[in-house]
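In case you want the letters, here they are:
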Amino acid sequence: MAYTDRVKQILSWYPSDNPGTLANLARLLNTGTLAGTGKLVILPVDQGFEHGPARSFAPNAAGYDPDYHIQLAIDSGCNAYAAPLGFLEAVAGKYMGEIPLVLKLNNSDTLAKTDYPISAITSSVRDAVRLGCTAVGYTIYPGSGARNTMYEDLREIIAEAKDYGLPTIVWAYARGNMSKQGETGIDVISYAAQISAQLGAHIIKVKPPQDFLEQAEAKKVYEQYKIPTATMADRIRDVVKSAFNGKRIVIFSGGESKKTEDLLEEIRQIAAGGGFGSIMGRNAFQRPHAESVKLLKDVMAIFKNAP
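Everything numeric here is computed off the predicted structure, so don't read it as measured data.

Next up on the list: the pattern of salt bridges. Taken as a whole and assessed by the stated rule, the structure comprises 13 salt bridges. The partner of Arg 237 in a salt bridge is Asp 234, and the shortest N-O contact between them spans 3.3 Å. Here Arg 237 and its partner Asp 234 are both found in helix H11 (residues 232–242), 3 residues apart, which amounts to about one turn of the helix. One salt bridge connects Glu 266 with Lys 258, and the closest N-O pair in it is separated by 3.7 Å. The class of Glu 266 is buried, set by a relative accessible area of 15%. Looking at Lys 258, the relative accessible area reads 28%, which means it is partly exposed. Among the ionic contacts, a cluster of salt bridges with common partners joins Glu 89, Asp 127 and Arg 130.

You can see Glu 266 is positioned in helix H12 (residues 260–272). What Glu 266 contacts, discounting residues up to four positions off in sequence, is Pro 208, Met 232, Ser 253, Gly 254 and Lys 258.

Tyr 81, Ile 140 and Ile 249 are the most contacted members of the largest nonpolar core, which totals 99 residues. Dropping the residues within four chain positions of it, Ile 140 is found in contact with Met 150, Tyr 151, Leu 154, Val 170, Trp 171, Ala 172, Tyr 173, Ile 195, Ser 196 and Leu 199.

So, on to the pairing of strand S8 (residues 203–206). Burial of S8 is two-sided: the residues Ile 203 and Lys 205 facing one way and the residues Ile 204 and Val 206 facing the other way are all buried. Here strand S7 (residues 168–172) runs beside S8; their pairing, made up of 3 bridges, is parallel. Counterpart to Trp 171 in the pairing with S8 is Lys 205. Each parallel crossover has a hand, and the one from S7 via helix H9 (residues 186–199) to S8 is right-handed. Judged from the 4 bridges that link them, S8 and strand S9 (residues 249–253) form a sheet pairing that is parallel. Pairing of Lys 205 across the sheet is with Ile 251, part of S9.

The next subject is the sheet that holds S9. Taken in spatial order, the 8 strands close into a barrel running S1-S2-S3-S6-S7-S8-S9-S10, and their pairing is parallel. Strand-to-strand twist of the sheet, defined as the mean angle between neighbouring strand axes without regard to direction, takes the value 25°. Looking at chain direction, strand S6 (residues 135–140) and S7 are connected through 5 bridges and run parallel. The residue bridging Thr 139 from the neighbouring strand is Trp 171, located in S7. Across the sheet, H9 lies against S6, S7 and S8, angled at about 155° from S8, the strand it touches most.

What follows concerns the UniProt feature "active site" (unreviewed entry) in the protein chain. UniProt records the feature "active site" (unreviewed entry) at Tyr 173 and Lys 205, using the numbering of this structure. On the basis of their most widely separated C-alpha atoms, the annotated residues across 33 residues gather in one place, lying no more than 8.3 Å apart. Mapped onto the secondary structure, Tyr 173 falls in the loop between S7 and H9. The class for Tyr 173 is buried, based on a relative accessible area of 13%. Apart from residues lying up to four places away in sequence, Tyr 173 is in contact with Ile 140, Tyr 141, Pro 142, Lys 205, Val 206, Lys 207 and Ser 253. Position of Lys 205 relative to the elements: it lies in strand S8. Setting aside residues up to four positions removed in sequence, Lys 205 forms contacts with Val 170, Trp 171, Ala 172, Tyr 173, Ile 251, Ser 253 and Ile 279.

What counts as what
- Counting restarts for each chain, with residues numbered from 1 along the sequence as it is written.
- pLDDT decides what is reported in this predicted model: residues at 70 or higher carry local features, side-chain atom pairs at 80 or more are listed and counted, and totals for whole chains, interfaces and linings draw on all residues regardless.
- For side-chain calculations, the full set of non-hydrogen atoms in the structure is used, while hydrogens and water are omitted.
- By definition here, a salt bridge exists when the distance from a side-chain nitrogen of Lys or Arg to a carboxyl oxygen of Asp or Glu is within 4 Å.
- Each helix corresponds to a stretch of at least 4 residues labelled H or I by DSSP, and each strand to a stretch of at least 2 residues labelled E; elements are numbered beginning at the N terminus.
- When accessible area is computed with a 1.4 Å probe and restricted to protein chains, residues below 20% of their type maximum are described as buried, those above 50% as exposed, and intermediate ones as partly exposed.
- In what follows, a contact means two residues having at least one pair of non-hydrogen atoms within 4.5 Å.
- The nonpolar core is taken to be a set of buried Ala, Val, Leu, Ile, Met, Phe, Trp, Tyr and Cys residues, with the residues joined through side-chain atoms within 4.5 Å.
- Any two strands with at least two DSSP bridges between them are considered paired.
- Think of it like this: strands point away, you trace from the first strand over the helix to the second, and a clockwise trace means the crossover is right-handed.
- Structural elements are reduced to axes, namely lines fitted to C-alpha atoms, with helices fitted over the stretch in contact, and the angle between N-to-C directions of any two is expressed from 0 to 180 degrees.
- UniProt positions are given in the numbering used here, feature names are shortened, and annotations may be inferred rather than shown by experiment.

Okay, structure coming up:
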């Protein structure tokens, strides 16, 4: 598929990357229903590791099978499928070349409650190359007392991934030294996006921000300069601007299960605010297959028709 002007524009934002990394970034942008639009919808299935099997897959028991999820991503026209090592090893050899794969390199679980949230590195860049992946993923927790370790590990991973020609998607989930509401506060989400971009992320995944300001010093600035935060579209616009003035790809998580219309309205707001897409797990795969496919296609239609 020839590169569209929009894809060429996005690739131009990464002038220091090697051709291999840019080619794989282009592959993500040139796959599926949204190919060529500069938008992305990715199916991530790390919830079995992160939340446990029953919480993740009991609502749709077909999801216990690793084959189910990659087939769902293919059937619905996603740009890519992302998962931890085990799920990808179970399917990579069966679905070679059918959809870009993203290996999630670190994961955590809910069995231990720690003072300093940090995910364990559970696979490697070499595993991603061995499995034919198009990109790697890594989670950071801005706000955690262990954040410096995560930042330092991420920089090494990004450098190694670039050597192999792989872009990196950063899951930036603020948690730790802040209120629960603050984890999705607009100032915190925008800060997490900026940190991710500064660390070298090619694609940044954050949660949709709420109209709440966690940091007193940030609140003063938002109020002084009258930065709009009233609508979700306003807040999305601020997050995207915080990622190098929109020159880094920022996509937004689907989060906890929602009613279909509430979810689609959130997607409309993300699209209106200039978000590059969605990375949607539980809201997709916990529904029956036909319903999941329709939902993902409806989400893609919203992004495809956005300015």
